[in-house]
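# Commentary on secondary and tertiary structure
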Amino acid sequence: MPFPLLSTPPGSPAPGPLPDGGDAATVAERQDQRTEPPRLYQVVMLNDDYTPMEFVVMVLQEYFRHDLDSATLIMLKIHHEGRGVCGVYTQDVAATKVELVAAAAQRDGHPLQCVMEAA
Ligand code: TYC
């Protein structure tokens, strides 16, 4: 938190009388203490013709913490509609998940891909 309103900033001299009879006390400007909420990104998984459905369901469970029913529904939505949202995260977390999915897919030889989009 910045220094509170109506006090001297840290490191400044203590308020007191000046030679001219003035006072050295300063009034800090009001600081906007509101912090913007972090921007959120959705991780979107893309359909392809080769990745096995079971692998997609496993990825949705392991990397996005969906249970089996939810993972299966999302996988089928992607299969039928071309894309689907796996989850919504802050920028760093979303980027990490995209990389982890790419690495897992590459390890198993599948073309599965995720992208991140501002939510
Ligand atoms: N279309 C794939 C198949 O028929 C399954 C699949 C679903 C692939 C979702 C990718 O993100 C995906 N084997």
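Structure's up top.
Residues numbered from 1 in each chain as written. Predicted model: local features only at pLDDT ≥ 70, side-chain atom pairs only at ≥ 80, totals over all residues. Heavy atoms only, no water.

## Some points on the overall build of the protein
Threshold: Strands are runs of DSSP state E lasting at least 2 residues, helices are runs of H or I lasting at least 4, and numbering of each runs from the N terminus. Each residue is assigned to one of three classes by its accessible area relative to the maximum for its type, calculated with a 1.4 Å probe on protein chains only: buried under 20%, partly exposed between the two thresholds, exposed over 50%. Whether two residues are in contact is decided by their heavy atoms, any of which lying within 4.5 Å being enough.
Helix and strand counts for the protein stand at three helices and three strands. When the helices and strands of the protein are read in sequence order from the N terminus, they spell out β-α-α-β-α-β. Buried residues in the protein amount to 28% of all 119 residues. Relative to all contacts within the protein whose residues are 6 or more apart in sequence, the contacts with residues 24 or more apart total 67%.

## Here's the deal with the packing of helix α1 (residues 53–62) against helix α2 (residues 68–81)
Let me state the cut-off plainly: As a rule, the C-alpha atoms of each element are fitted with a line to give its axis, helices using only the stretch in contact, and angles between N-to-C directions run from 0 to 180 degrees. To sort the angles, those under 35 degrees are grouped as roughly parallel, those over 145 as roughly antiparallel, those from 65 to 115 as roughly perpendicular, and the leftovers as oblique. Two helices crossing with the near one rotated counterclockwise from the far one by less than a right angle form a left-handed crossing, whereas a clockwise rotation gives a right-handed crossing. All residues other than Ala, Val, Leu, Ile, Met, Phe, Trp, Tyr, Cys, Pro, Asp, Glu, Lys and Arg, Gly among them, are scored as polar; the first ten of these are nonpolar and the last four charged.
The geometry of α1 relative to α2 is characterised by a closest axis approach of 9 Å and an angle of 125° between their N-to-C directions. On the basis of the axis angle, α1 is oblique to α2. Crossing hand, α1 versus α2: right-handed. Touching Met 53, Val 56, Val 57, Leu 60 and Gln 61 of α1 are Leu 68, Ala 71, Thr 72, Ile 74, Met 75 and His 79, all from α2. Classifying every residue of the contact of α1 with α2 gives eight nonpolar, three polar and no charged.

## Description of the environment of Cys 86
Take Cys 86: it is sitting in strand β2 (residues 83–90). Spatially, the C-alpha atoms of Cys 86 and Cys 114 are 8.9 Å apart, while their sequence positions differ by 28 residues. If near-sequence neighbours (up to four positions away) are discounted, Cys 86 is found in contact with Val 43, Met 45, Leu 60, Phe 64 and His 66.

## Digging into the sheet that holds β2
The criterion, for reference: Strand pairing follows a simple DSSP-based rule, namely that at least 2 bridges must link the two strands.
The strand order across the open sheet formed by three strands is β2-β1-β3, and the pairing between neighbours is antiparallel. Single-partner strands in this sheet number two, and they are β2 and β3 (113–118). For this sheet, the mean angle separating the axes of adjacent strands, direction not counted, is 30°. The sheet strands contacting helix α3 (residues 91–108) are β1 (40–46), β2 and β3, and the helix crosses β2 at an angle near 135°.

## So, the state of the cysteines
Our working definition: Any cysteine sulfur atom paired with another within 2.5 Å is treated as part of a disulfide.
This structure, assessed with the given rule, holds zero disulfides. Cysteine Cys 86 remains unbridged, with the sulfur of Cys 114 as its closest cysteine sulfur at 4.5 Å. Overall, the relative accessible area of 3% leaves Cys 86 in the buried class.

Spatial relationships are all this shows, so hold off on functional conclusions.
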